[in-house]
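Structural overview for review
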Protein chains: 2
Amino acid sequence: MKILHTADWHIGKKLAGFDLLEDQQAIFQRLVKVAQDEKVDAIIIAGDLYDRALPNEAAVSAVNDMLFELNRKLNYPLLVVSGNHDSAVRLNTGRDWYASTGLYLNTELDQAFDPITLGDSQFFLLPYFEPVAARLYFDDESLTNIAKAMVPVVAKMQTLFDPGKRHILVGHFFAAGSEHSDSETRVNVGGLDAVAVGDLAPFDYVALGHLHSRHALDAEKIQYSGSLLKYSVSEVAQEKGVYILDTASMTRKFIPLAPKRDVQHLTDSFEHLSDPAIYQELDRDAYTAITLTDTEVIPNVMAQLREIFPQVIGLDRQHGVQLTDRPTVAKLEKLSPTELLGDFYDHVSDSELTTAQMHWAKQALTTAQKED
Amino acid sequence: MKILHTADWHIGKKLAGFDLLEDQQAIFQRLVKVAQDEKVDAIIIAGDLYDRALPNEAAVSAVNDMLFELNRKLNYPLLVVSGNHDSAVRLNTGRDWYASTGLYLNTELDQAFDPITLGDSQFFLLPYFEPVAARLYFDDESLTNIAKAMVPVVAKMQTLFDPGKRHILVGHFFAAGSEHSDSETRVNVGGLDAVAVGDLAPFDYVALGHLHSRHALDAEKIQYSGSLLKYSVSEVAQEKGVYILDTASMTRKFIPLAPKRDVQHLTDSFEHLSDPAIYQELDRDAYTAITLTDTEVIPNVMAQLREIFPQVIGLDRQHGVQLTDRPTVAKLEKLSPTELLGDFYDHVSDSELTTAQMHWAKQALTTAQKED
């Protein structure tokens, strides 16, 4: 059986104020094409369908349409869990009807113990949950974090294993690459509430959402699909796409999905970036974070850059502003106008005024004082 | 066939800050019992399931549970339209799956032209819609309000009539009891955008939501069920409940539903209302609006009344404050302290200071000035 594994759609997300809905609809259509080309038998969506608990109507409409297209138009069984960005209660709407057409959607912990069998595999759909849900479910006050809670969760799932099937966990949590030895290790992998991969060993495959990089975890049987799109500048180097899992051979392959608009990070001088010979070779349509290598003050720099890169999503300087070493207001008040200017110039450009610049400044100041 | 007709649930509504969810869940259970006792074949919910377009999670969960109970546990076909308080987009979630179990839910105008046939009747489920939706659907710029839009809506529905069936319209709009003669009348019944009952004549029955009183319209074949509960002080005299429509005889009966807590409006003196001999005979558990007949200032009046009626939802004076006749600040500044006090007393109690009161006031003022 061939399974497409995707996660972290974050429908409704904005990037620096730019609404990504069109990009999300475009990449979704590419995902649909991959599902069809690969003739998959089912699709896993491992949480964070929405970007926020209270999505706007356009996002609600988009997710509804996407689930409808995959499940009702194209008849794919869907294996879906809610993520931490979803409202479990809101996403749960319609759940009791969805299963009739093979849309299996879990939003509560207890639902995870009702596995779905499709073909050669048994799927355990574990939504994102808070530790308190596990404490209540297992009546065990010691389950103070997800790492601890996963132990009885996995143990209970094991009791439900059909020995003739593959056992696949669909989840939305932070797993870390440590084979834990004791409870302390389990709790504190990297100082975070991470599930140790060793605790997931009973499964033939774990299809995860939560972390946006598909390389977030170095564990063959436990995979993050990564997000549908690059959702922050920190993800510019990540290749986005979906996994196709073959449950017969238990092998997988990654299929990249090209976005309508990429997210890129350019580090260069303003002179270069505003030179047609250079920028015409660049992807001007991308959502673009820019780090300028310049030290000079550039008037209207954002407006000028937006003429070239309409989707500027961030602008900073390589030689960043040192806020921590700023003089106090009391000190600043004692400075002369030219000393203040010099300090300001240093502050914004991380370099000193040249002699010529200081000369011009003094001239301008004298002129201004005369007009006063 | 027996049909239960309800509307205007407004789940999630608060009354003067009091969350009505428990009251709504209680009255819903009484509605369920009526459906069972009366052995109804289907249930109409004519809009405003939610109180607001963005209901909180508790309200979402409650509505989901109610629809689940009626449709999946008790197997009633449901005929549901969205109202102006619902978000059509949000309520639409799951719609394409609901019909498989006989939960027919319409949230868009075009869906109304796909009638549902159950037993001897054909149901046209017309959600609340904006005139622009009709303009787009009929490609007719002249449809500038609901009254005008209803003409082609009804005409189109008539073309879909199955002659062997009853024709029942489920809607959520303002209908008024005028047999219109021309378009001007139709547009301006009572100065509002009201649909004239004459325009609804083709239907054997029109089951409406929108107005909260079941007596809002004096038209035998066109009925508002009224809201599930009294949702404002203006509704205290209204008996709430549901209609049971018999489509064979085209007769109906009203079945009252007693709320967990009533809404009442008491007009009396503070002395009476705080007298145990009197208040013990009253419904102290009700949501209570109080109009005091007193003219004296009563210290801590709200706190004292809440000791007796914990759910006070409003407090005013029968001889209300006359804000319009208040002197201007300029005039007030010219008054002496005792004149100011007299004015204030008149303002809050609608009566003049007695000679004794004025004497005490002057004494207190003299004492205060000495201490100054």
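None of these values were measured; they are calculated from a predicted model.

A tally of regular secondary structure across chain A gives 13 helices and 18 strands. For chain A, the residues scored as buried account for 49% of the 372 residues in total. Contacts in chain A between residues at least 24 apart in sequence constitute 66% of all its contacts with a sequence separation of at least 6. By element, 50% of the accessible surface of chain A is carried by carbon and sulfur atoms, the whole surface being about 17,300 Å².

Residue and element names in this part refer to chain A. The predicted model of chain A has a mean per-residue pLDDT of 90, with 90% of residues at 70 or higher. Between residues 179–189, whose pLDDT stays under 50, and residues either more than four places distant or in other chains, the model counts 20 contacts. Confidence drops under a pLDDT of 50 for residues 321–325, and excluding neighbours within four residues, the segment shows three contacts in the predicted structure.

Our next topic: the layout of surface pockets. Counted as a void, the largest pocket has a volume near 280 Å³. In this structure, the largest pocket is lined by 19 residues; those nearest its centre are A:Asn92, A:Asp96, B:Ser61, B:Asn64 and B:Asp65. For the lining of the largest pocket, the element with the most residues is helix H2 (residues 57–73) of chain B, which contributes seven residues.

What follows concerns the environment of B:Ala53. Residues and elements named next belong to chain B. With respect to the helices and strands, alanine 53 occurs in the loop between strand E4 (42–46) and H2. Owing to a relative accessible area of 38%, alanine 53 belongs among the partly exposed residues under this scheme. Between the alpha carbons of alanine 53 and glycine 83 there is a distance of 9.8 Å; along the sequence they are 30 residues apart. Apart from residues lying up to four places away in sequence, alanine 53 is in contact with His85, Asp86, Ser87 and Arg90.

Turning next to helix H1 (residues 21–37) of chain B. Residues and elements named next belong to chain B. With 17 residues, H1 extends 24 Å from end C-alpha to end C-alpha; this agrees with the ideal 24 Å at 1.5 Å per step. Among the residues of H1, Leu21, Asp23, Gln24, Ile27, Phe28, Leu31, Val32, Val34 and Ala35 are the ones counted as buried. Taken from the residues just after H1, lysine 39 is the one with a positive phi, measuring 50°.

Glancing now at empty space enclosed by the protein. Leftover empty space is mapped by rolling, across the atoms, a probe with the size of a water molecule. Summed over all chains, the structure comprises one cavity of 30 Å³ or more. Around the largest cavity sit 26 residues that line it, and A:Val60, A:Arg90, A:Thr93, B:Arg90 and B:Thr93 are the ones nearest its centre. If you list the elements that add at least two residues to the lining of the largest cavity, you get helix H2 (57–73) and helix H3 (88–91) of chain A together with H2 and helix H3 (88–91) of chain B.

What follows covers the sheet that holds strand E5 (residues 78–81) of chain B. Residue and element names in this part refer to chain B. If you walk across this open sheet you meet the six strands as E6-E5-E4-E1-E14-E15, and the pairing is mixed. Bordering the open sheet on either side are strand E6 (103–106) and strand E15 (251–256), each of which pairs with just one other strand. Ignoring which end each strand starts from, the neighbouring axes of this sheet average 20° apart. The sheet contact formed by strand E14 (residues 241–246) and E15 spans six bridges and is antiparallel. The residue of E15 that forms the bridge with valine 242 is isoleucine 255. Lying on the sheet, H1 is in contact with strand E1 (2–6), E4, E14 and E15; it crosses E1 at an angle near 165°. Of the strands in this sheet, E4, E5 and E6 touch H2, which is tilted by about 150° from E5.

Looking now at the sheet that holds strand E17 (residues 287–292) of chain A. Residues and elements named next belong to chain A. Ordered in space as E16-E17-E18, the three strands form an open sheet in which the pairing is parallel. Edge positions in the open sheet fall to strand E16 (263–268) and strand E18 (312–317), since each of these has one partner strand only. Strand-to-strand twist of the sheet, defined as the mean angle between neighbouring strand axes without regard to direction, takes the value 15°. Pairing of E16 with E17 involves six bridges; the strand directions are parallel. The residue of E17 that forms the bridge with valine 263 is tyrosine 287. Across the sheet, helix H10 (residues 301–308) touches E17 and E18, and the angle it forms with E18 is around 135°.

Here we take up the relation of the copies chain A and chain B. If you rotate chain A by 180° and push it 0.1 Å along the axis, it lands on chain B with an RMSD of 0.2 Å. Considering both components of the superposition, the chain copies are consistent with a two-fold axis. When C-alpha positions in chain A are compared against the rotation axis, the closest is assigned to A:Gly94, at 2.3 Å. Most of the interface of chain A is mirrored in chain B: 100% of its interface residues are interface residues there too.

This part covers the packing of aromatic side chains. The geometry of an aromatic ring pair comes down to the distance between the two centres and the angle between the two planes. Scanning all chains against the criterion turns up 22 aromatic pairs over all chains. With 5.3 Å between their ring centres and 70° between their planes, B:Tyr243 and B:Phe254 make a pair best called edge-to-face. Note that B:Tyr243 is positioned in strand E14 and B:Phe254 in strand E15, a separation of 11 residues in sequence. B:Phe254 sits in the buried class, given a relative accessible area of 17%. Taken together through their ring pairs, the aromatic side chains of A:Phe68, A:Tyr98 and B:Trp97 make up a single cluster. A cation sits over an aromatic face here: A:Lys156 above A:Phe113, 5.4 Å from the ring centre.

This part takes up the pattern of salt bridges. Residues and elements named next belong to chain A. What the rule picks out here adds up to 20 salt bridges over all chains. In this structure, aspartate 37 and lysine 33 form a salt bridge, with 2.8 Å as the shortest nitrogen-oxygen distance. Separated by four residues within a single helix, aspartate 37 and lysine 33 lie in helix H1 (residues 21–37), roughly one turn from each other. Judged by relative accessible area, aspartate 37 falls into the partly exposed class, the value being 47%. Put simply, lysine 240 and glutamate 235 hold a salt bridge, and the shortest N to O gap is 2.9 Å. Glutamate 235 matches lysine 240 in its accessibility class, with the two residues each being buried. One continuous salt-bridge network, built from bridges that share partners, spans Lys2, Glu38 and Lys253.

Residues and elements named next belong to chain A. Counting buried residues in strand E8 (residues 121–125) gives five out of five residues, a clear majority hidden from the surface. Of the two faces of E8, the one holding Ser121, Phe123 and Leu125 and the one holding Gln122 and Phe124 are both buried throughout. Judged from the three bridges that link them, strand E7 (residues 116–118) and E8 form a sheet pairing that is antiparallel. By the bridge assignment, leucine 118 is partnered in E8 with serine 121.

The next thing to look at is the interface of chain A and chain B. The interface is formed by 22 residues belonging to chain A together with 23 residues belonging to chain B. It is A:Glu57, A:Arg90 and A:Trp97 in chain A that bury the most area against chain B; as a group they hold 36% of the surface buried on that side. Summed over the shared surface of chain A and chain B, the result is zero salt bridges. Where chain A touches chain B, the interface holds 12 residue pairs in polar contact (both at pLDDT 80 or more).

Excluding glycine, most residues fall at negative phi; most peptide bonds, likewise, are trans. Positive phi values are uncommon outside glycine, yet A:Ala16 reaches one of about 50°. Along the chain, the position of A:Ala16 falls in the loop between strand E2 (14–15) and strand E3 (18–19). According to the relative accessible area criterion, A:Ala16 is exposed, its value standing at 51%. Residues other than glycine seldom take positive phi values, yet B:His210 does so here, at roughly 135°. Checked against the element boundaries, B:His210 lands in the loop between strand E12 (205–209) and strand E13 (222–224).

Calculation criteria
Residues numbered from 1 in each chain as written. Chains lettered and ligands numbered in written order. Predicted model: local features only at pLDDT ≥ 70, side-chain atom pairs only at ≥ 80, totals over all residues. Heavy atoms only, no water. Helix = DSSP H or I, 4+ residues; strand = E, 2+ residues; numbered from the N terminus. Buried < 20%, exposed > 50% of the residue type's maximum accessible area, 1.4 Å probe, protein only. Contact = heavy atoms within 4.5 Å. Areas by Shrake-Rupley, 256 points an atom, 1.4 Å probe, with all protein chains shown as cover. pLDDT = per-residue confidence, 0-100. 1 Å grid on protein atoms, 1.4 Å probe; cavity = no way out; pocket = protein on both sides within 12 Å on 5 of 7 lines; lining within 4 Å. Points joined across faces, edges and corners; volume = space filled by probe spheres on them. Expected span 1.5 Å × (residues − 1). Pairing = 2+ DSSP bridges. Axes fitted to C-alpha atoms, helices over the stretch in contact; angles between N-to-C directions. Least-squares fit on C-alpha atoms with pLDDT ≥ 70 in both. Phe/Tyr/Trp six-rings, centres within 6.5 Å; stacked < 30°, edge-to-face > 60°. Lys NZ or Arg CZ within 6 Å of the ring centre and 35° of its normal. Salt bridge = Lys/Arg side-chain N within 4 Å of Asp/Glu carboxyl O. Buried area = accessible area lost by both parts, 1.4 Å probe. Polar contact = N/O pair within 3.5 Å; in protein donor to acceptor, adjacent residues only side chain to side chain.

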